[in-house]
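# Close look at the chain arrangement
Here is what each chain is made of, one letter per residue.
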Amino acid sequence: MFGYINVNRKELKEADEKTYQAYYCGLCRQLKNEAGIKGQMLLNYDMTFLLILLTGLYELEHEEISYRCAVHPASKKTAYINEATEYAAAMDVVLSYHSLQDDYEDDGSHIKQAIAKALKKDYNRISIRYPRQVQAVEDYMKKLAEAEKRKESNIDIVAGYTGEMLGQLFQWKQDEWAKDLDSMGFYMGKFIYLLDAYEDLKKDQKKGSYNPFAYVSMESKEEYETFCRSTLTCLMAECAKSFERMPILEHAEILRNILYSGVWTKYEYLKLKEKKTKP
């Protein structure tokens, strides 16, 4: 589920890159507060996007912290922390817990099972703070498991489960922005699910694992690629529409960089990788 909502650093202005990095570092520090060092292992760019989105929408002021990072100790780092940092870190723990559990069930990784068990106490604590969001994730995991068991062939249905879940998580507060945040999360969630399925298709086919794209019947490889690209493009277009409806001025350029360019970096990487492996 993680690793698809990235920033395109090549197209970021220097000041925006520093701002983005500061929020990323702030999320890292908050994950440590939330779940210790094991929490920092869960750091990802996807939740950094949610953090910056909520910061811009709610015009949150941040606390600026200068510190030395154990991973990069050569020079001091700057971290931005605000109310949304705590929320993004909490959602990161919740999603990571279920992702680790799911990976264990799929691959039998005892390391991931051990990390999930170590997160259980933190997960339970977060469940008390955010019962709606945690329930949405738990319901999602059940729906997804049932869809995989029945080998759901309708990609719109199965991708919609991820969309519904992420729509709930995007709604930090159920207020006047809830509808647009829900819509944005819905289309982004579908995009993430389908891009993940697109990346894993060959691996899943080899293992005999469920993948919705395995049921997409096309006459040619080119037709299949066109279908995937157009589907992903339509989903991100709808996601961007929801974003543009919201009066976000702060960090808008960073967010547009991610929505219009960054989300495609993984897809382009996969296409380039495939091209290089062709004989």
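To be clear, the structure that these remarks concern was listed above.
What counts as what
Residues numbered from 1 in each chain as written. Predicted model: local features only at pLDDT ≥ 70, side-chain atom pairs only at ≥ 80, totals over all residues. Heavy atoms only, no water. Helix = DSSP H or I, 4+ residues; strand = E, 2+ residues; numbered from the N terminus. Rg over C-alpha atoms; globule rule 2.2 N^0.38 Å. Buried < 20%, exposed > 50% of the residue type's maximum accessible area, 1.4 Å probe, protein only. Contact = heavy atoms within 4.5 Å. Areas by Shrake-Rupley, 256 points an atom, 1.4 Å probe, with all protein chains shown as cover. Lys, Arg positive; Asp, Glu negative; His and termini not counted. Charge placed at Lys NZ, Arg CZ, Asp CG, Glu CD. Phe/Tyr/Trp six-rings, centres within 6.5 Å; stacked < 30°, edge-to-face > 60°. Lys NZ or Arg CZ within 6 Å of the ring centre and 35° of its normal. Salt bridge = Lys/Arg side-chain N within 4 Å of Asp/Glu carboxyl O. Core = buried A, V, L, I, M, F, W, Y, C linked by side-chain atoms within 4.5 Å.

## A look at the overall build of the protein
A tally of helices and strands in the protein yields 10 helices and two strands. When the helices and strands of the protein are read in sequence order from the N terminus, they spell out α-α-β-β-α-α-α-α-α-α-α-α. Computed over C-alpha atoms, the radius of gyration of the protein comes to 19 Å, within 12% of the 19 Å expected from 2.2 N^0.38 for 279 residues, which places it in the range of a compact globule. Each of the three principal axes of the protein carries a C-alpha extent, and together these read 55 × 45 × 40 Å. Counting all 279 residues of the protein, 51% fall into the buried class. A separation threshold of at least 6 residues defines the contact pool for the protein, and within that pool the share at least 24 residues apart is 70%. As displayed, the protein has an accessible area near 14,300 Å², and 52% of this comes from carbon and sulfur atoms. Side chains of the protein carry 40 positive and 44 negative charges; the gap between the two charge centres is 5 Å.

## Topic: the packing of aromatic side chains
Enumeration according to the criterion identifies 15 aromatic pairs in this entry. Considering the side-chain rings of Tyr198 and Tyr267, the 5.5 Å spacing of their centres and the 35° angle between planes classify their relative orientation as tilted. Here the residue Tyr198 occupies a position in helix H7 (residues 178–207), and Tyr267 occupies one in helix H10 (residues 265–277), the gap between them amounting to 69 residues. This pair shows no difference in class: Tyr198 is buried, exactly as Tyr267 is. Members of the aromatic cluster, each reached through a chain of ring pairs, are Phe191, Tyr198, Phe213, Tyr224, Trp264 and Tyr267. If you follow Lys173 out to its NZ or CZ, it ends over the ring of Tyr58, 4.9 Å from the centre.

## A short note on the pattern of salt bridges
One pass over the full model with this rule turns up 19 salt bridges. Two residues, Arg129 and Glu34, come together in a salt bridge whose shortest N-O distance is 3.1 Å. Of this pair, Arg129 sits in helix H4 (residues 110–129) while Glu34 sits in helix H1 (residues 14–40), and the two are 95 residues apart along the sequence. Accessibility expressed as a relative area gives 34% for Arg129, which makes it partly exposed. When its relative accessible area of 5% is taken as the criterion, Glu34 is described as buried. Residue Lys266 pairs with Glu199 through a salt bridge whose shortest N-O separation is 3.5 Å. In this pair, Lys266 sits in helix H10 while Glu199 sits in helix H7, placing the two residues 67 residues apart along the sequence. Since its relative accessible area comes to 30%, Glu199 is described here as partly exposed. Among the charged side chains, a network of salt bridges with common partners joins Glu34, Lys38, Glu86, Asp122, Arg125 and Arg129.

## Some words on the nonpolar core
By size, the foremost hydrophobic cluster in this structure holds 85 residues, and its most contacted members are Phe49, Leu53, Phe170, Met184, Met188 and Phe213. If you look at the next biggest cluster of nonpolar residues, it comprises six residues, including Cys25, Ile65, Tyr67 and Cys69.

## Remarks on the environment of Met218
For Met218, the position within the fold is in the loop between H7 and helix H8 (221–245). For Met218, the residues in contact, after removing those within four places along its chain, are Glu223, Tyr224 and Phe227.

## Here we look at unusual backbone geometry
The phi angle at Glu59 is positive, at roughly 50°, despite the residue not being glycine. Topologically, Glu59 is positioned in the loop between helix H2 (45–58) and strand E1 (63–68). Assessed through its relative accessible area of 57%, Glu59 is described here as exposed. Phi is positive for Lys151, close to 55°, though the residue is something other than glycine. Positionally, Lys151 belongs in the loop between helix H5 (131–149) and helix H6 (155–170).

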